[in-house]
Amino acid sequence: MDKRDYYEVLGVARGVSADELKKSYRQCALKFHPDRNPDDPDAERRFKEVSEAYEVLSDARKRELYDHYGHEGLNGQSFRPADDMFEQFQDMFADFFGGGFGGGGQRGRSAGGSRATRGRDLRANVRISLKEAVLGCKKELNVAVPKACEDCSGSGAAKGAQASTCGACRGRGQVTHGAGGFVIATTCPECAGRGSVIKNPCTGCRGRGEVREDKKIKVAIPAGIDHGQMIRLGGLGEAGGQGGPAGNLLVGVEVEEDKRFMRDGFDLVTEISVTFPEAALGTSVEVETLDDRKLSLKIPAGTQPGTIFTFASEGVPYIDSPGRGRLAVVAKVDVPKKLSSKQRKVMEELAKVLADR
Ligand SMILES: [Zn+2]
Ligand SMILES: [Zn+2]
């Protein structure tokens, strides 16, 4: 049950640089990758553990939350789904070896076989204001969705061109590398694992067999969503191959900071300013809500700077249950930076009276 410290999981010090972190992650991920440890549930667990640790620590914002609050600080932050970690891992090795990692590679691509394959998950980001996050909104996203090239029906070959055996892997589709005392097999970068190369590639897709098509996708963003959360749109990812199911579209949500309101869990926090006499004598003020309504707030006599007044149910809607958090209003007492001569006179008078207690 107890989660291990992420830095400990990756065997690095707390102040580790991004480069060192990446290096350590590569080593750990290589060691525990399920392809190298078939039928070893412990290795699989460790692989997920290092992937999760790296996912958090490689993201500056999540790392800061983790450094300040530990695992607690990340509650409510969504992690990539477990099977997605393999993609994260492949992305990383793609730039390391110039090709995808062997395990699970070509998922979703109907490379040769006639088996139904699931389409890949796609990722997009949406940036919204705090008001949009609190009230909910609809956004239209431009997503580049891969699809089979029509010119070559996905083969990657120009009309009439023949495929020949790949020289780099001699048709095996995989090449081996030594790394950290291990020998690992990765997908051949020359032929992307097909085992064959095309001398005359299709010009429509430059031999890739697929093209990207911009699609406009409407997303309904639920009221109460927070920065760093992810919306999963089932079936809106890449189309499946041979009748397989489509992948998902994963939309990461970024919430802009607001000038007047700060979010604290499901509470909203704002400030109001009163003068020293108002705080001392008491007054009534108007507090603006995020959706531009006005609430009236009574400031009792003797209110101290920093006093917090709360309005129940004026905060952020709970995303998975009815109701909403509170609006907290922090009272600030203004100290004038400049005084007119009349104000100075009265203030000096007041200072004298206050001193005679
Ligand atoms: Zn090859
Ligand atoms: Zn093509």
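In the block above lies the structure referred to throughout.
Okay, so let's go over this structure. What you see is a predicted model, and the numbers here were worked out from it, not measured in a lab.

1. Looking at the coordination of the zinc ion (ligand 1)
Phase 1: Coordination of the zinc ion (ligand 1) by the protein is provided by Cys166 (SG), Cys169 (SG), Cys188 (SG) and Cys191 (SG), with metal-donor distances spanning 2.2 to 2.3 Å.
Phase 2: Coordination at the zinc ion (ligand 1) comes from 4 donor atoms whose angles at the metal span 103 to 114°, giving a geometry best classed as tetrahedral.
Phase 3: All donor residues of the zinc ion (ligand 1) come from one chain, and their arrangement in sequence is C-x2-C-x18-C-x2-C. Of the two residues, cysteine 166 is situated in the loop between strand 3 (163-165) and strand 4 (174-179) and cysteine 188 in the loop between strand 5 (182-187) and strand 6 (196-198); the sequence distance between them amounts to 22 residues. Cysteine 188 shares its class with cysteine 166; the two are buried.

2. Quick notes on the coordination of the zinc ion (ligand 2)
Phase 1: Within the protein, the atoms that donate to the zinc ion (ligand 2) are Cys149 (SG), Cys152 (SG), Cys202 (SG) and Cys205 (SG), at distances of 2.3 to 2.4 Å.
Phase 2: Seen from the zinc ion (ligand 2), its 4 donor atoms lie at angles of 104 to 114°, and the figure they make is tetrahedral.
Phase 3: Here the donor residues of the zinc ion (ligand 2) are spaced in sequence according to C-x2-C-x49-C-x2-C. Here the residue cysteine 149 occupies a position in the loop between strand 2 (137-148) and strand 3, and cysteine 205 occupies one in the loop between strand 6 and strand 7 (210-221), the gap between them amounting to 56 residues. For the pair shown, cysteine 149 and cysteine 205 are each scored as buried.

3. Considering the packing of helix 2 (residues 18-32) against helix 3 (residues 41-57)
Phase 1: Running from N to C, helix 2 and helix 3 point in directions that differ by 165°, and their axes come no closer than 9 Å. For the element pair helix 2 / helix 3, the angle class is roughly antiparallel. As helix 2 runs across helix 3, the sense of the crossing is left-handed. Contacts from Leu21, Lys22, Tyr25, Cys28, Ala29 and Phe32 of helix 2 reach helix 3 at Ala43, Arg46, Phe47, Val50, Ser51, Tyr54 and Leu57.
Phase 2: Classifying every residue of the contact of helix 2 with helix 3 by side-chain character gives 10 nonpolar, 1 polar and 2 charged.

4. Some remarks on the side chain of asparagine 248
Phase 1: Along the chain, asparagine 248 falls in the loop between strand 8 (230-233) and strand 9 (249-255).
Phase 2: Its relative accessible area of 12% is what places asparagine 248 among the buried residues.
Phase 3: Setting aside anything within four residues of it in sequence, one finds asparagine 248 in contact with Arg118, Arg120, Asp121, Leu122, Arg232, Leu233, Gly234, Gly235, Leu236 and Gly237.

5. Overview of the packing of aromatic side chains
Phase 1: A full pass over the atoms with the stated rule returns 4 aromatic pairs.
Phase 2: With a centroid separation of 4.2 Å and 10° between ring planes, the pair formed by tyrosine 25 and tyrosine 54 is classed as stacked. Of this pair, tyrosine 25 sits in helix 2 while tyrosine 54 sits in helix 3, placing them 29 residues apart in sequence.
Phase 3: Through pairs of rings, three or more aromatic residues link up here, namely Tyr6, Tyr7 and Tyr66.
Phase 4: Stacked on the ring of phenylalanine 266, the Lys or Arg arginine 263 has its end atom at 5.2 Å from the ring centre.

6. Quick look at the sheet that holds strand 15 (residues 327-334)
Phase 1: One open sheet holds the 4 strands; their spatial order is 10-11-15-14, and the pairing between them is mixed. Each end of this open sheet is capped by a strand with a single partner; those strands are strand 10 (262-264) and strand 14 (308-311). Averaged over all pairs of adjacent strands, the angle between strand axes in this sheet comes to 35°, irrespective of strand direction.
Phase 2: With 4 bridges joining them, strand 14 and strand 15 adopt antiparallel strand pairing. Paired with isoleucine 308 across the bridge in strand 15 is valine 330.

7. Things to note about the sheet that holds strand 9
Phase 1: Read across the open sheet, the 3 strands follow the order 1-9-8; overall the sheet is mixed. Looking along the sheet, the strands with just one partner apiece sit at the ends: strand 1 (122-128) and strand 8. Going across the sheet, the axis of each strand differs from the next one's by a mean of 25°, ignoring polarity.
Phase 2: With 4 bridges joining them, strand 8 and strand 9 adopt antiparallel strand pairing. When the sheet's bridge partners are listed, isoleucine 231 is paired in strand 9 with valine 251.

8. Observations concerning the pairing of strand 15
Phase 1: Looking at chain direction, strand 11 (residues 267-275) and strand 15 are connected through 8 bridges and run parallel. From the neighbouring strand, threonine 275 faces strand 15, where its bridge partner is aspartate 334.

9. Remarks on the pattern of salt bridges
Phase 1: Scanning the entire structure with this criterion turns up 29 salt bridges.
Phase 2: The partner of arginine 14 in a salt bridge is aspartate 67, with the nearest N and O atoms 3.8 Å apart. Taken together, the residues span a long stretch of sequence, with arginine 14 in the loop between helix 1 (6-9) and helix 2 and aspartate 67 in helix 4 (residues 60-69) at a distance of 53 residues.
Phase 3: On the basis of relative accessibility, which here comes to 37%, the residue aspartate 67 falls in the partly exposed class.
Phase 4: Put simply, Arg4, Glu8, Arg46 and Glu49 are held in one network by salt bridges that share partners.

Rules and cut-offs
Residues numbered from 1 in each chain as written. Chains lettered and ligands numbered in written order. Predicted model: local features only at pLDDT ≥ 70, side-chain atom pairs only at ≥ 80, totals over all residues. Heavy atoms only, no water. Donors = N, O, S within 2.8 Å, 3.2 Å for Na, K, Ca; no water. Tetrahedral: all angles 85-135°; square planar, octahedral: opposite > 155°, others 65-115°. Helix = DSSP H or I, 4+ residues; strand = E, 2+ residues; numbered from the N terminus. Buried < 20%, exposed > 50% of the residue type's maximum accessible area, 1.4 Å probe, protein only. Axes fitted to C-alpha atoms, helices over the stretch in contact; angles between N-to-C directions. Parallel < 35°, antiparallel > 145°, perpendicular 65-115°, else oblique. Left-handed = near helix turned anticlockwise from the far one by under 90°. Contact = heavy atoms within 4.5 Å. Nonpolar A, V, L, I, M, F, W, Y, C, P; charged D, E, K, R; others polar. Phe/Tyr/Trp six-rings, centres within 6.5 Å; stacked < 30°, edge-to-face > 60°. Lys NZ or Arg CZ within 6 Å of the ring centre and 35° of its normal. Pairing = 2+ DSSP bridges. Salt bridge = Lys/Arg side-chain N within 4 Å of Asp/Glu carboxyl O.

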